[in-house]
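Survey of secondary and tertiary structure
The residues making up each chain are set out below.
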Amino acid sequence: MVDSGANFGSDIAARTLPLAGFHGGSSAARLETAPPAERISLRARAEDVGALSGALGVALPVKPKTSSSANGRTALWLGPDEWLVIAEGNGGLMQAAKNSGVLHSAADVSHRNTAILVSGPGAAAAINAGCPQDLSLKAFPVGACSRTVFGKVEIVLLRTAEDAFRVEVWRSFSDYAFGLLCEGAQDASL
Amino acid sequence: MSASSNSGAFRIKGAGRLTPARTARFTFDGKSFTALEGDTVASALLAHGVHLLGRSFKYHRPRGILSAGPEEPNALIDVSRDAARRQPNVRATVQEVFDGAKIVSQNRWPSLKFDVGAINNLFSPFFAAGFYYKTFMWPREAWVKVYEPFIRRAAGLGVAPTEEDPDHYANRYAHCDVLIAGAGVAGLTAALSAAATGASVFLVDEQPEVGGALHYDAATMIDGQNGYDWAQASAAKLKAMPNVTVLTRTTVFGYYNHGFLGLVERVTDHVAKPDKSSPRERLWQVRAKKVVLATGSIERHMVFANNDRPGIMLASAARTFLNHHGVAVGRNVGVYTAHDSAYEAAFDLRRAGVSIAAIVDNRADPSEALLAEARALGISVLSGHSVTDTGGRLRISSMTVARNGGGNARRIAVDALIISAGWTPSVHLFSQSRGKLRFDDVNQRFLPDIYAQDCVSIGGCNGTDDLAELIDEAIAAGGGSVALSGENRFEWTGGMIGAAEGAGPDTTVKAFVDFQHDVTAKDIRLAVREGMHSIEHIKRFTTNGMASDQGKLSNMHGLAIAAEMLDRPIPKVGLTTFRAPYTPVTYGTLVGHSRGELFDPARKTPMHVLETAEGAEFEDVGNWKRAWYYPKRGEDMLAAVNRECRTVREVAGVFNGSTLGKIEVVGPDAAQFLNLLYTNAWDSLKPGKSRYGIMTREDGFVYDDGVVGRLAEDRFHVTTTTGGAPRVLHHMEDYLQTEFPHLRVWLTSTTEQWAVIAVQGPKAREIIQPFVEGVDLSNEAFPHMSVSECSVMGVPARLFRVSFTGELGFELNVPADYGPAVWKAIWERAESMGACLYGTETMHVLRAEKGYIIVGQDTDGTVTPDDAGLGWAVSSKKLDFVGIRGLKRPDLVRENRKQLVGLLTKDPALVLEEGGQIVADPNQAKPMTMLGHVTSAYWSENCGRSIALALVAGGRSRIGETLYVPLKDRTIEVEVTDMVFFDKQGGRIHG
Amino acid sequence: MLLIHCPYCEEDRSELEFRWAGEAHIARPENISAISDEEFAEFFFLRNNEKGLTYERWRHIHGCGRFFNAARDTVSDRFLMTYKAGMPKQPVPETGASEKTVETYEATEGDAR
Ligand SMILES: [Zn+2]
């Protein structure tokens, strides 16, 4: 019999990551689940980009398909007034955006998304099993990012190195994305 | 001529490019054969003197091998590795032999040599073109019972496998600057040229090796070396370049819009023991900036009487079998041609030791160079002659030759007859790309004319016959420069389309135009006589060109015969449009990765594992897996739902509401935006409060609903239906971006950010109390429809006081990763207090007891808020909202609209069927006047009887009336009531 | 499969990332609640569905998320141009070669009757 009382409230809830325990990949394309990160979906008008960049400590890119990183934070251009800002660990992004003092919308999506890291010489080929974008270095250089499709789900793709990508995906689509990446990674190794 | 080892008596030592020591065993109709690595099933069987491979589609005539490539209409076989890995309708001329292959002939019963269906041949006068259409139309019942089963048994290709395909298939998207289809001389040259510019190049060829026509053409020299060797060396060079991808065994099967091409790569079909990790086939979806079509041309057959006997084949095919596979197609071969190319086949065979019975050339004056070479080789040439018939049963044994224009016919014994009516440029991909063709009158062929895409045709498919010209054209197409020279021995001329001598309109002979569908010259003439004047109609009437080979050999002949009958020039009769795929593509390839778990994403909530552990049964809602009910040991669904329904109202229940759509609406104009998107007014909603909102489309019909909470002046937490979340966001974005772009507000989908744990029932407050920090949960401080940000078990949360059950209720929103921990803690406490877990079925019953609607179940896209009894949610003060004008349309304000009401069956034990139609008088004549239908019907444990909701014409004015639901076997009497069945005063929700 | 130029992403992307969103340049009347039934029908129900040059809306739903306008030839499926939402109807640029499609009834049927 459980007693009532304040002790419940003091039990800090534990986190369960959506892709906990997932393993896969091939020699050509390694797959790892990214550690938890803080993320906000940030929306603002062009005239407020400067102030927000300053407050966040990372320049919000204004060129399509580009990202920028600084101070453990990465800002991805998703649309003309939309950025996905990702911070390692618990980065206080909501508060930082608020501190800008300018008009914006920030929504915490840390738990909406999860990420899969794809790396190796076959990383692009593995992703191209389901992604229709041109992932050559010319068309999708290091730092390039885009919301796009992967098989039957939507992802945000960020190239972190010549042979490494971060695949951001909504949590309930993440096992599908991981499964398709496994098959893509397998095929990329042939 | 000497046979080499046991790989076939017709294998010629020193001929061909295969290695005699590398053998593979396979069976054909149970008999074992030895082949060489690199053989196709066709070449391997021919090496053993086997020409009979199948029976034809309609007449069941014996058929052999006509070609050496993908254009093959006849030699369709069934290939298997094991019971599940079996594929019918494979072209024997394409399938490479692998050790252990099991090959079976098709469309014959009981055996290939004695086939009962061949009786169709005797009755062939009845099987003329259009026969099925005309004969089997009447009586109608007979079609299903007699004709169709008969036709399906007698006519048809192979038999589809019944077991699940154990192989897997891969998909790859790719991009390139230049895609080159075809790796013959033209394609390879273009690739070398393009690659030199640094462009990214895809070079694709359907054969196992590059080379194209060089497979059979052993005489052409390129850059001073044998053409085929040059091709292999060039491919090796290209493969080594980082900007080039060379794909062999890969067919460009479709050329679609905007430089998009579909390729199928056959990865393991030629391998004896495929690596299990390898896909069987890989679909390449390529976007090319530029396409170079170097698809060559296809040799045509001659159309003459009985031109379909096994042993009759295209001259170039015989040359391929000889020069590539080292196989002679006979020992005493006849030649019948209207084109120079067959001469070179005859010369090659003769030099390999095969006797040539005669070259029968229907042209009066073949070129002197060819005649001289024939003389030198001791081959007799009968120019101005034709083959007017052939003899033999399961294999050709003779040809009947006569001088054109009359004269004595004589029979010449042959064991094979090679034929050529000239070459048809392969313009299939060009045509698929929507390019427009022109007719080349001189050479009687269609050639690319107007291009619809960034594409260029080179070589044979462009009608470029001269080798030097072809090389120049290819270099230019590649955009770079290559130094290359080539020479071939003979310039080719000649060719004919249509029926040859002796198969003209005054004859009744079977001169086949389309082998696979058994269409003869006579059938095409009949079609014209029957009134078909367009090639599209003739094609459908005769089925010419509609078989799996899509008329690669037959289209031009059919067109010429029709044109002759119509006395019209060929381009006026028209060529049918080529459609993808160029050759058949397996379903597996098109499906790719989308099978099993990857067929469709199965969306699971953060608590899915815990629900499963509690024994939940799940139902699919959109892509979501939602807990449906939680049966305890021995409970069926009804028992479980009854227990859950009772427990929620008596104690409390815990429900997973995570799939509910959530949209964060943020910005100073957020309330104004919601004013425009919902029928309700939102300015008056204070932060910390929530409201049930109705969204209509511009036409005034209910589109979605949900509770909207105001967290701050400029921040709303909007909820939508589970299934409606994506389209509601799309709809909102549409208005925001295109109609109200001046509003300073932004939308973010937060459906998956939050795990939602609903606790409903009299003990709900007591259950959650200890976990919630920062909110006074008392009725006074936190009444129904309150919302607050707070902390739950140390994590930031959003708490709604809200109820979809009519009970005291809360919905805890916690960041999704914390969902399982919070759920577990709450459920532990709830369980100890006698509460239950409940699923979507109980949720449905409880809300119906309260008359709460479900959009999409109780509404169907023709229901207004007022129809649904929600007129109160439509603000009368607002000057504008989406739907404001639609709601005023005459039909939406008229009397007697269908309105949502309650129904109570007179017999309380009877549960109505959802969808059941409602009438006023069950004894009226049929068809009855329907008043509406049942939208929701359940057994209500809490009411101790069945309940239902229904859309009924003039429903609210009928409350108290008796109506009827006629079913197949009985009629159910019902009383119209209001929509609230439980706690009509509504006090419990404020508990 | 179409290749569509998104005026916001400034790049050609696969059709898979887009969703078609109906005819373009049909503005919602500002005084919508005051318009007649006929005007409402014209605005909401009736579409031209023209063969040939069509102005239509697309959304780069799996990309930047923006709605935009496109001028497309529905016969050839060629995009003549795309431009941002809110811009007035743009004149179609002159293209060099005039595209005559093959897939008309006249072309496929020859002059057969
Ligand atoms: Zn875009």
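Quantities reported herein were computed from a predicted structural model and do not represent experimental measurements.

Conventions used here
Residues numbered from 1 in each chain as written. Chains lettered and ligands numbered in written order. Predicted model: local features only at pLDDT ≥ 70, side-chain atom pairs only at ≥ 80, totals over all residues. Heavy atoms only, no water. Donors = N, O, S within 2.8 Å, 3.2 Å for Na, K, Ca; no water. Buried < 20%, exposed > 50% of the residue type's maximum accessible area, 1.4 Å probe, protein only. Axes fitted to C-alpha atoms, helices over the stretch in contact; angles between N-to-C directions. Helix = DSSP H or I, 4+ residues; strand = E, 2+ residues; numbered from the N terminus. Left-handed = near helix turned anticlockwise from the far one by under 90°. Contact = heavy atoms within 4.5 Å. Nonpolar A, V, L, I, M, F, W, Y, C, P; charged D, E, K, R; others polar. Pairing = 2+ DSSP bridges. Salt bridge = Lys/Arg side-chain N within 4 Å of Asp/Glu carboxyl O. Core = buried A, V, L, I, M, F, W, Y, C linked by side-chain atoms within 4.5 Å. Domains from an automatic or database assignment. Buried area = accessible area lost by both parts, 1.4 Å probe. Polar contact = N/O pair within 3.5 Å; in protein donor to acceptor, adjacent residues only side chain to side chain. pLDDT = per-residue confidence, 0-100. Disulfide = S-S within 2.5 Å. 1 Å grid on protein atoms, 1.4 Å probe; cavity = no way out; pocket = protein on both sides within 12 Å on 5 of 7 lines; lining within 4 Å. Points joined across faces, edges and corners; volume = space filled by probe spheres on them.

**Considering the coordination of the zinc ion**
Residues and elements named next belong to chain C. Each protein donor to the zinc ion is listed here as Cys6 (SG), Cys9 (SG), His60 (ND1) and Cys64 (SG); together their distances run 2.0 to 2.3 Å. Read from N- to C-terminus, the donor residues coordinating the zinc ion fall into the pattern C-x2-C-x50-H-x3-C. Cysteine 9 carries the same exposure label as cysteine 6, and that label is buried.

**Considerations on the packing of helix H5 (residues 185–196) of chain B against helix H11 (residues 467–478) of chain B**
Residues and elements named next belong to chain B. It is at 7 Å that the axes of H5 and H11 come closest, and there the two elements cross at 35 degrees. Here the hand of the crossing between H5 and H11 comes out right-handed. On H11, the residues touching Val185, Ala186, Thr189, Ala190, Ser193 and Ala194 of H5 are Leu467, Leu470, Ile471, Ala474, Ile475 and Gly478. Partitioned by chemical class, the residues of the contact of H5 with H11 number 9 nonpolar, 3 polar and no charged.

**Looking at the environment of Lys763(B)**
Among the secondary structure elements, Lys763(B) is positioned in the loop between strand S40 (754–760) and helix H21 (764–768). Once residues within four sequence positions are removed from consideration, Lys763(B) is found in contact with Val651(B), Ala652(B) and Met833(B).

**Focus on the sheet that holds strand S6 (residues 86–91) of chain B**
Residues and elements named next belong to chain B. Pairing within the open sheet is mixed, and its 5 strands lie in the order S2-S1-S7-S5-S6. A single partner strand is all that each edge strand has here, and the edge strands are strand S2 (31–36) and S6. Each adjacent strand pair in this sheet contributes to an overall mean axis angle of 35 degrees, direction not counted.

**Some points on the pattern of salt bridges**
Residues and elements named next belong to chain B. Per the stated rule, a full pass over the model turns up 68 salt bridges over all chains. The partner of arginine 489 in a salt bridge is glutamate 373, and the shortest N-O contact between them spans 3.1 Å. On the criterion of sequence distance, the pair formed by arginine 489 in the loop between strand S29 (486–487) and strand S30 (512–514) and glutamate 373 in helix H9 (residues 368–377) is long-range, its members being 116 residues apart. Residue arginine 489 is classed as partly exposed on the basis of its relative accessible area, which comes to 46%. Accessibility expressed as a relative area gives 14% for glutamate 373, which makes it buried. Among the ionic contacts, a cluster of salt bridges with common partners joins Asp217, Arg319, Glu344, Asp348, Arg351, Glu373 and Arg489.

**Quick word on the nonpolar core**
Grouped burial of nonpolar side chains is what soluble globular proteins tend to show. Residues and elements named next belong to chain B. One finds Phe26, Phe28, Phe321 and Ile418 to be the most contacted residues of the largest nonpolar core, which totals 83 residues. Looking at which domains feed residues into this core, each of domain 1 (23–136) and domain 3 (497–579) gives three or more. When residues no more than four places from it in sequence are discounted, the contact partners of phenylalanine 26 are Lys31, Ser32, Phe33, Ala35, Ala44, Leu45, Val97, Phe98, Ala101 and Ile103. With 41 residues, the next largest nonpolar core counts Met607, Ala616, Ala755 and Ala825 among its residues.

**Examining the pairing of strand S49 (residues 945–953) of chain B**
Consecutive residues of a regular strand have side chains that alternate between opposite faces of the sheet. All names here are of chain B. The buried count for S49 comes to 9 of 9 residues, which makes it a mostly enclosed element. Here strand S46 (residues 898–905) runs beside S49; their pairing, made up of 6 bridges, is antiparallel. Residue pairing in the sheet places valine 901 in a bridge with alanine 950 of S49. When strand S48 (residues 932–940) meets S49, the two strands line up antiparallel, connected through 8 bridges. Looking at the pairing, tryptophan 939 lines up with serine 946 of S49. The hairpin turn running from S48 into S49, its antiparallel successor, is 4 residues long, and glycine 944 in that turn takes a positive phi close to 70 degrees.

**Comments concerning the interface of chain A and chain B**
Between chain A and chain B, the contact holds 54 residues from the first and 49 residues from the second. Note on chain A versus chain B: buried area summed over both sides is about 4400 Å², and carbon and sulfur give 57% of it. Here chain A is connected to chain B by 5 salt bridges. A salt bridge links Asp817(B) to Arg15(A); the nearest nitrogen and oxygen atoms lie 2.8 Å apart. In this structure, the connection of chain A to chain B is made through 24 residue pairs in polar contact (both at pLDDT 80 or more). Those elements that provide at least two residues to the side of chain A that touches chain B are helix H1 (7–10), strand S3 (37–43), strand S7 (105–108) and helix H5 (174–188) of chain A. Looking at the side of chain A that touches chain B element by element, the count peaks at 8 residues for H5(A).

**Let's talk about the confidence of the model for chain A**
As a general rule, the predicted coordinates of low-pLDDT regions are not to be interpreted in detail. Across chain A, the average pLDDT comes to 94, with 95% of residues at 70 or higher. This stretch, residues 1–9 of chain A, has a pLDDT under 50; its non-local contacts, to residues over four places away or in other chains, come to 15 contacts.

**Quick word on helix H8 (residues 341–351) of chain B**
Of all the 11 residues making up H8(B), 9 are buried; the element is thus mostly covered by neighbouring parts of the structure. Listing the buried residues of H8(B) in full gives Ser341(B), Ala342(B), Tyr343(B), Glu344(B), Ala345(B), Ala346(B), Phe347(B), Asp348(B) and Leu349(B).

**Regarding the pairing of S46(B)**
All names here are of chain B. Burial within S46 is extensive, with 6 of its 8 residues counted as buried. Examined bridge by bridge, S46 and strand S51 (residues 971–977) share 4 bridges and lie antiparallel to one another. Each residue of the ladder has a partner; that of glycine 902, found in S51, is threonine 977.

**Describing the sheet that holds strand S9 (residues 145–150) of chain A**
Residues and elements named next belong to chain A. Spatial strand order, S1-S2-S8-S11-S10-S9: 6 strands in an open sheet with antiparallel pairing. If you trace the sheet from one side to the other, it starts and ends with strand S1 (24–25) and S9, each paired once. Bridging between strand S2 (residues 30–33) and strand S8 (residues 113–119) involves 4 bridges; their strand directions are antiparallel. Paired with arginine 30 across the strands is serine 119, a residue of S8.

**Brief notes about the state of the cysteines**
Residue and element names in this part refer to chain B. Evaluation of the coordinates by the stated rule reveals 0 disulfides over all chains. Distance from the sulfur of cysteine 455, which forms no disulfide, to the nearest cysteine sulfur (cysteine 461) is 8.4 Å. Overall, cysteine 455 belongs to the buried group, its relative accessible area being 9%.

**Some thoughts on empty space enclosed by the protein**
Residue and element names in this part refer to chain B. Inspection of the entire model under this criterion finds 6 cavities of 30 Å³ or more. Of the pockets and cavities examined, the largest cavity occupies roughly 120 Å³. If you go around the largest cavity, you meet 15 residues; those closest to its centre are Arg55, Ser56, Asn74, Leu76 and Leu157. Of the residues in the lining of the largest cavity, the class split is 5 nonpolar, 8 polar and 2 charged. Each pocket or cavity is described by its volume, and for the second largest cavity that value is around 100 Å³. Around the second largest cavity, the lining is made up of 13 residues, and of these Thr424, Pro425, Asn555, Met556 and Phe578 lie nearest the centre. At the level of elements, strand S25 (423–425) and helix H14 (555–566) are the ones that each hand at least two residues to the lining of the second largest cavity. Classifying every residue of the lining of the second largest cavity gives 7 nonpolar, 5 polar and 1 charged. Residue contributions to the lining of the second largest cavity reach at least three from each of two domains, namely domain 2 (170–298 + 425–487) and domain 3 (497–579).

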